[in-house]
Each structure stands twice: as structure tokens, then as C-alpha cells.
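Summary of the model geometry
If you want the building blocks of each chain, they are given just below.
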Amino acid sequence: MNIVVLVKQVPDSGSERALDSSDNTVARASADNVINEMDEYAVEEALTVKESQGGEVTVLTVGPAGATDAIRKALSMGADKAVHVTDDAIHGSCAVQTSAVIAAALSQLEYDLVICGAESTDGQVSVMPALLSERLGVPHLSGARKLTVDGTSLKVERQTDGGFWALEAQTPAIVSTWDTINEPRYPSFKGIMAAKKKPVTTLSLADLGVDAGSVGLASATSQVLDFAGRPPKGEGVKVTDEGDGAEKLVGYLAAQKIV
Amino acid sequence: MAEVLVLVEVAPDGSGVRKTTLEALTAARVLGEPSAVVLGAPGTAASVKDALAEYGAAKVYVGESDDIDAYLVAPKAEVLAQLVADRSPAAVVIPSTPEGKEIAGRLAIKTGSGFLTDVTDIAADGTATQVAFAGATVVHSKVTTGTPIYTLRGNSVTPEPAAGAAEEETVTVAVSDAAKQTRVVDRVVEQKSDRPELTEASIIVSGGRGVASAENFSVIEGLADSLGAAVGASRAAVDSGFYPHSFQVGQTGKTVSPQLYIAVGISGAIQHRAGMQTSKTIVAVNKDPEAPIFELADFGVVGDLNTVVPAATEQITARARA
Ligand SMILES: Cc1cc2nc3c(=O)[nH]c(=O)nc-3n(C[C@H](O)[C@H](O)[C@H](O)COP(=O)(O)OP(=O)(O)OC[C@H]3O[C@@H](n4cnc5c(N)ncnc54)[C@H](O)[C@@H]3O)c2cc1C
Ligand SMILES: Nc1ncnc2c1ncn2[C@@H]1O[C@H](COP(=O)(O)O)[C@@H](O)[C@H]1O
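Remember, predicted model here, so these are calculated numbers, not experimental data.

On to the site of ligand 2, then. Residue and element names in this part refer to chain A. The immediate surroundings of ligand 2 are formed by 19 residues, with Leu-6, Asp-39, Val-62, Ser-120 and Ser-126 found nearest. At 2.8 Å from an oxygen atom of ligand 2 is found a main-chain nitrogen or oxygen belonging to Leu-6. Notes on ligand 2: free accessible area 480 Å², of which the protein chains cover 98%. For the shell around ligand 2, the secondary structure elements donating two or more residues are strand 4 (56-62), helix 3 (95-108) and helix 4 (128-136). Residue contributions to the shell around ligand 2 peak at three residues, all from strand 4.

Pasting the structure below:
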């Protein structure tokens, strides 16, 4: 089974993140960039499927030249090889445009199963898998808290508010994972060493036959006009409980007319 | 006046529309005259029409078919795309649920449009407000191509009634084979709560790892009940088995924006903040004075939740009786 796992490199959600004031895109150069943490669940699931079904796991990412860290992480967890689509023209693309690039790359690869994360922590649009499903005409099983593969049959438990929906489809298909699906493994030392020798193919837009004018900030389908730090909340009050903590808390709620 | 399509979110238990629909109808009014779109199994529209009229829907497009229920998301996107082609609306507004976002994305591809997810406000010129980076940055964005598609974040707009004719129009649903690839074979409800629904509650009391056990969550429930609040939980509390997943607040749980959010025994990790940072008032109880949650809190108590919370619950209950 050919499994492609989609990973994205994003600014670390635990670090200071910002937009670049020159063009209102995510400031990637100055950020502490890591693999999108939600994509680790996707990689883990891809490896689990490979272990039960056999086959190969290919990592696919679309991103700047520096996005190799995310690829290395996925390879050191155990993926077999990687495809990195990078081209300066892609900078500033919206999700609709990026989906065209990823779809073009997927069309060149042979895949039975594409596994994605639920959301990238920088853009937080959580629609990429749906966009790809629409473009490629293959089914999407979304929000998987459980995936069962049996030959060409796929079963997914889609995480919902108070339970799950049982979904079924046939390969080729796209599955997006929720963080309830598994516990991502840590790369072993051996895995990290092995990753250094695994093949990473770099592709440009020309290699994919995608017109450079169709991507990038200038032709994006939506644009960020301006941004600002969220106005700081007024300095909060902090009290230490000395037997009167509850009273002060209730006093605050009363002052706010909540009780 | 321009027409704006609003996709209706119907409560799964058949109790009518979700509040998110009323919010979307309200937000859509600045762009034009809202028309509601009800998509579901036969019989879906009956329970929602009155609410749609009350919140200003000029028209109600009803597309009912068993196919919409039997297959995931894609049929809804297809019917909506057909309506966009027929009606050329000024915009489409969809509640920002996981399903709503998937529909928005598919609709964008089908109609050659741009979309903006999780908007908290829409201005008359179509500019939308979004919060980025777990609420730390406020962004203004605009769709520049095709029919603007927005998904509206819950609890960011206050629903305001406005009379609408709610003139019903049946939409023919002919789902293509392409949209019938992911079958929904079962819908399983594992947990139900008698407390207010998290995303609709005006007060939420959430417990974290600091609550220490499933039994001790009664402390959180006690405070919640004294305030008529919903109960939430951090992922650490969920992962530890203290409380079910459906109550998780945060990046991979629910996004909430209540009037009051009380975080008890929660450190305030970025993934937790992502789901609650836009709450109007935030109160925290934590024994660690350095816990990051205090950076967000309008009012914080440094103390042991096991003494502070039960005492507060008692005082609130006493006040209510007085
Ligand atoms: C992909 C991904 C998605 C995630 N999604 C979410 C999400 O949706 N929601 C979420 O919440 N987290 C999420 N997380 C997890 C997040 O990173 C944190 O691990 C989690 O929020 C921590 O929960 P906590 O604050 O309850 O626990 P901790 O960080 O362990 O904090 C417990 C707090 O309780 C306090 N405490 C302990 N005992 C007492 C006492 N007796 N009285 C008072 N205070 C006490 C401690 O001082 C501490 O501050 C996600 C993580 C990842 C990687
Ligand atoms: N540029 C990208 N390259 C590879 N995969 C991506 C990219 N953007 C998004 N994805 C995948 O799509 C998922 C959802 O992302 P998003 O729709 O951006 O929130 C992520 O978890 C990734 O698996």
C-alpha cells in the first residue's frame, strides 16, 4: 500500500509568533519552525497502517526551502522517503492555491491512502484535506479517532461532539486524523541516524506543471489587509488565598453582576 | 437587495436550529438579505422554519434527501454550489464547525471562490475579522476572488431577532456519484449532558489535571451547577480519564467564547488558550502563582482548588437562596 502523509512546517506554537508587516504573511524566517504537531499523529497513523498492510510511507510537504526540519522529523519517526515541493513563487499562497500545488504533487505520486493532520497551527483553516478531496475526486474521511484498513476498504470513526460517526469508503482516499487517534512515537537514535540517508526529492512548480502565476500572494483568493496584536486585557487582579479566596472570588463575580 | 446564503446548522437531536445559525443570520445582514439554506434528511426543515423567520430569513431553501444523511459532507457542498450558481448571492455564511469548514472549502473549489474560516465579525464591505495564533493577533482579511465564503466562529456575534418572510422554496437534490464516496453508516452518541451545551453556554467552569481524579470533578460540577454553567475540561484532564472528550476545550476540543470562563487547576497551555482566549471574562484558580493562565485572567485566585472552589460554590448557593 502506498501511503502519502502530508506534513507542514509551522512556527512553534509555544514560541512568539507573528505576521510579517511587509506583506502580512506568516513570518517564517524569524520563527522557531517545527513540524505541525497535529501532523505527528498523521505520521504515526501512516506508520501503523504500513506495519499492518505493508507498503511504503512517503512524506509530502509544500513549503519554503527551510521546511526540511519537518521532513526530517517524519523520516526519523520511520517514513521511507519524502517529496518537498518548494518554489519562491508559492510564497503568500492562500489555502485554495496551496491545495492546487499539493493536488498536482499527489497526482504525480502513486497513492492508495493520503493521511493528513486535522489542522495546521499557523493558518488554522483545517480545510486542506477537504480541498484536496474536492480537487482529486477521491473520498475524504475526516476527523479520524480510529482508522481500520482492510485491503481497499477503509473504516473510520470520525470524532464528533458527543461520540463518533462510523464512516466507510474505498481507496484511494484521504483520511484526516484527530489527536485522539494515537500517541505519536518519539524518533529513536537509530531512526534519526537512518533519516539522514533517506531520499528527499525536491520539486519545483515547473516539475509539477503548475503555472507560477496561479499561485502566490498576487493572485491569492483572499488577502490579509492588516493585523494587530490583540489589545491587551486590562491588568488582571490576582489574590492569594488566605482563607478568604472564595469570598474574594464570589465578591468579584458579584461586582460583575454574575451572581 | 443582495441575497446572502446562510447554511443552517440543525441540532442533531431535532430540537431546532443551533444558536450558531442565528448568529450567522445576524452577521449576514450587513451584507444583504439573508436566505437560509436547510439541508438534511426529509423532515429536517419542519423544526427550524419558525426560528429562521424570527431571525430574518427572507427565504428558506429546503434541500431534503436521504443521500444528504447517508454520505459525509460532499452532498451538502454540492447542493450549496448549485444554489450559488443559480442565485449568485453576494456571499455565503456558514457556522464554523468542522463540517462547516469542510463545506466551505469544497464550495470554494466548486465555485472558484476564496473563503475565510473562523471569522468573528463581518463588515459591510465584506472585510472579516479573524484571530490568529491562539488569539494573540487580530487580522482583517478579504476574499478577492469569486463569491466570498465565510465560516463564523460561535459566540462572536450576538443573535438579534428581525422579522423575515421565510418564504419556502424547495431545492431539487440530485447528488452525483462523486459526492457519494464516503458513507456514514452510523452516528453514535456516547455522552449526553443535562448541563448547557458548551459552545452555547454563557458561563463555563473547566477543570484540568489539577482536579486530580474523575471523582473530584464533582467539585467542578458543583460550581458549574451553582452558576447554571456548562462544564469543560483540559486535554490533560481528558487524557487522564477524569472527564469525557466531548467536554474538552481547546485546539482539538471545542472553541468557546462565553461571558465567563472559570479555569480551575488548568495551567493555560497554548492549545488550551486557543479554544477559550476570546472569552469575555476569565477567572482562574490555580495553586501555582506562575501558571500562564494568570496572564489571561481578569481575576485570579492563587490557592488550592479543593478549598477555594467548594467554599465559593457554597457562598454562591447561599446567595441564590437569600
Ligand atoms: C496536538 C495537540 C493538541 C492539544 N489540544 C488541546 C486542547 O484542545 N485542549 C487542551 O486543554 N489542551 C490541549 N493540548 C494539551 C496542552 O498542551 C496541555 O498539555 C494541557 O492543556 C494541559 O492541561 P492542564 O492545564 O489541565 O494540565 P497541567 O499543564 O498539568 O496543569 C495543571 C495545573 O493545575 C494546577 N494544580 C494542581 N493541583 C492543584 C490544586 N490542588 N489546586 C489548584 N491548582 C492545582 C497546577 O499548578 C497546574 O498549573 C494539546 C496538545 C497537543 C500536542
Ligand atoms: N503546505 C502544506 N504541505 C503539506 N501538507 C499540508 C500543507 N498545508 C496543510 N497540510 C496538511 O493539511 C492538514 C490541515 O491543514 P490546514 O488546512 O492548513 O489547517 C495539515 O495537518 C497537513 O497534514
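Here the narrative resumes.
For ligand 1, the set of nearby residues contains 29 residues, the closest of which are Arg-209, Ser-234, Ser-267, Gln-271 and Asn-286 of chain B. Within the side chain of Arg-209 of chain B, a nitrogen or oxygen atom sits 2.6 Å from an oxygen atom of ligand 1. Computed on the free molecule, ligand 1 has an accessible area of 990 Å², of which 83% lies beneath the protein chains in the complex. Per-element tally for the shell around ligand 1: the top contributor is helix 1 (residues 37-53) of chain A, with three residues.

Residues and elements named next belong to chain B. Summed over all chains, the structure comprises 30 salt bridges over all chains. As a salt-bridge pair, Arg-195 and Asp-225 come within 2.7 Å of each other at their nearest N and O atoms. Of the two residues, Arg-195 is situated in the loop between strand 10 (183-189) and strand 11 (203-207) and Asp-225 in helix 6 (residues 217-227); the sequence distance between them amounts to 30 residues. Residue classification places Arg-195 among the partly exposed residues on the basis of a relative accessible area of 23%.

This paragraph deals with the interface of chain B and chain A. Each partner contributes residues to the interface: chain B has 81 residues there, and chain A has 74 residues. When chain B packs against chain A, the two sides together hide about 6600 Å² of surface, and 56% of this comes from carbon and sulfur. Our count for the contact surface shared by chain B and chain A stands at eight salt bridges. Glu-134 of chain A is the salt-bridge partner of Lys-110 of chain B, the closest N and O atoms lying 2.8 Å from each other. Put simply, chain B and chain A have 33 residue pairs in polar contact (both at pLDDT 80 or more) between them. In terms of residue class, the side of chain B that touches chain A is built from 36 nonpolar, 27 polar and 18 charged. Here six bridges tie strand 9 (residues 163-170) of chain A to strand 10 of chain B, and the two strands are oriented antiparallel to one another. Bridge pairing links Gly-163 of chain A to Val-189 of chain B in strand 10 of chain B.

Residues and elements named next belong to chain B. Assigned domains of chain B: these are domain 1 (3-179) and domain 2 (203-321). Taken together, the seven residues of domain 1 in the interface contact nine residues of domain 2. Here domain 1 meets domain 2 over a buried area of about 560 Å², counting both sides, of which 51% is carbon and sulfur. When residues of domain 1 are sorted by the area they lose upon contact with domain 2, Ala-134, Arg-153 and Asn-155 head the list and together hold 78% of the total. Seen at the junction of domain 1 and domain 2, the total is zero salt bridges. Run the count over domain 1 and domain 2 and you get zero residue pairs in polar contact (both at pLDDT 80 or more). A per-class count over the side of domain 1 that touches domain 2 returns three nonpolar, three polar and one charged.

A few words on the environment of Thr-121 of chain A. Its location among the elements puts Thr-121 of chain A in the loop between strand 6 (113-116) and helix 4. Once the C-alpha coordinates of Thr-121 of chain A and Ile-71 of chain A are considered, the two residues, 50 residues apart in sequence, prove to be 17 Å apart.

Residues and elements named next belong to chain A. In this structure, Leu-60, Val-85 and Leu-147 are the most contacted members of the largest nonpolar core, which totals 94 residues. Here this core gets eight residues from one element, more than from any other, and that element is helix 3. Look past the residues within four positions of Leu-60 in its chain and what remains in contact with it is Val-4, Val-5, Leu-6, Val-7, Val-83, Val-85, Ile-102, Ala-105, Leu-106 and Leu-109.

The 10 strands are arranged 11(A)-5(A)-4(A)-1(A)-6(A)-10(A)-7(A)-8(A)-9(A)-10(B) in an open sheet whose pairing can be described as mixed. Two strands in the sheet have a free side with no partner beyond their single neighbour: strand 11 (200-203) of chain A together with strand 10 of chain B. Each adjacent strand pair in this sheet contributes to an overall mean axis angle of 30°, direction not counted. Both strand 1 (residues 2-6) of chain A and strand 6 of chain A contribute to a ladder of three bridges, which runs parallel. Looking at strand 6 of chain A, one finds that Val-5 of chain A is bridged to Ile-115 of chain A. The strands that helix 4 of chain A touches are strand 1, strand 6, strand 7 (140-150) and strand 10 (173-177) of chain A; relative to strand 10 of chain A, the one it contacts most, it runs at about 175°.

Time to look at the sheet that holds strand 4 (residues 91-95) of chain B. As a general point, the strands of a sheet are linked pairwise by backbone hydrogen bonds and lie either parallel or antiparallel. The strand order across the open sheet formed by 10 strands is 12(A)-7(B)-6(B)-5(B)-8(B)-4(B)-1(B)-2(B)-3(B)-9(B), and the pairing between neighbours is mixed. Looking along the sheet, the strands with just one partner apiece sit at the ends: strand 12 (222-229) of chain A together with strand 9 (167-170) of chain B. Direction aside, the axes of adjacent strands within the sheet are offset by 35° on average. As paired elements, strand 1 (residues 3-7) of chain B and strand 4 of chain B share three bridges and run parallel to each other. Note on strand 4 of chain B: the bridge partner recorded for Val-6 of chain B is Val-93 of chain B. The sheet contacts of helix 5 (residues 98-111) of chain B involve strand 1, strand 4, strand 5 (115-122) and strand 8 (149-152) of chain B, and relative to strand 8 of chain B the element is tilted by about 175°.

Once that is clear, we can look at helix 5 of chain B. Given 3.6 residues to a turn, an α-helix orients residues that are three or four positions apart in the same direction. Residues and elements named next belong to chain B. The end-to-end C-alpha separation of helix 5 is 20 Å, in line with the 20 Å expected for 14 residues at 1.5 Å each. Along helix 5, the residues classified as buried are Glu-99, Gly-100, Lys-101, Glu-102, Ile-103, Ala-104, Gly-105, Arg-106, Leu-107 and Ala-108. Looking one or two residues beyond helix 5, the residue adopting positive phi is Gly-112, at roughly 65°.

It is worth spelling out the packing of aromatic side chains at this point. Enumeration over the complete set of coordinates arrives at three aromatic pairs over all chains. Aromatic pair Phe-217 of chain B and Tyr-243 of chain B: ring centres 4.5 Å apart, planes at 20°, arrangement stacked. You can see Phe-217 of chain B sitting in helix 6 and its partner Tyr-243 of chain B sitting in the loop between helix 7 (235-239) and strand 13 (260-264), a full 26 residues away along the chain. Given the relative accessible area of 12%, Tyr-243 of chain B is considered buried. Measuring from centroid to centroid gives 5.1 Å for Tyr-243 of chain B and Phe-247 of chain B, while their planes differ by 65°, and the two rings are edge-to-face. Through successive ring pairs, a cluster of aromatic residues spans Phe-217, Tyr-243 and Phe-247 of chain B. Arg-158 of chain A extends its terminal NZ or CZ atom over the ring of Trp-165 of chain A, reaching a point 5.4 Å from the ring centre. Directly above the aromatic system of Trp-165 of chain A lies the positively charged group of Arg-187 of chain B, at a separation of 4.2 Å from the ring centroid.

So, how was this worked out
- Residues numbered from 1 in each chain as written.
- Chains lettered and ligands numbered in written order.
- Predicted model: local features only at pLDDT ≥ 70, side-chain atom pairs only at ≥ 80, totals over all residues.
- Heavy atoms only, no water.
- Near = heavy atom within 4 Å.
- Polar contact = N/O pair within 3.5 Å; in protein donor to acceptor, adjacent residues only side chain to side chain.
- Areas by Shrake-Rupley, 256 points an atom, 1.4 Å probe, with all protein chains shown as cover.
- Helix = DSSP H or I, 4+ residues; strand = E, 2+ residues; numbered from the N terminus.
- Salt bridge = Lys/Arg side-chain N within 4 Å of Asp/Glu carboxyl O.
- Buried < 20%, exposed > 50% of the residue type's maximum accessible area, 1.4 Å probe, protein only.
- Contact = heavy atoms within 4.5 Å.
- Buried area = accessible area lost by both parts, 1.4 Å probe.
- Nonpolar A, V, L, I, M, F, W, Y, C, P; charged D, E, K, R; others polar.
- Pairing = 2+ DSSP bridges.
- Domains from an automatic or database assignment.
- Core = buried A, V, L, I, M, F, W, Y, C linked by side-chain atoms within 4.5 Å.
- Axes fitted to C-alpha atoms, helices over the stretch in contact; angles between N-to-C directions.
- Expected span 1.5 Å × (residues − 1).
- Phe/Tyr/Trp six-rings, centres within 6.5 Å; stacked < 30°, edge-to-face > 60°.
- Lys NZ or Arg CZ within 6 Å of the ring centre and 35° of its normal.

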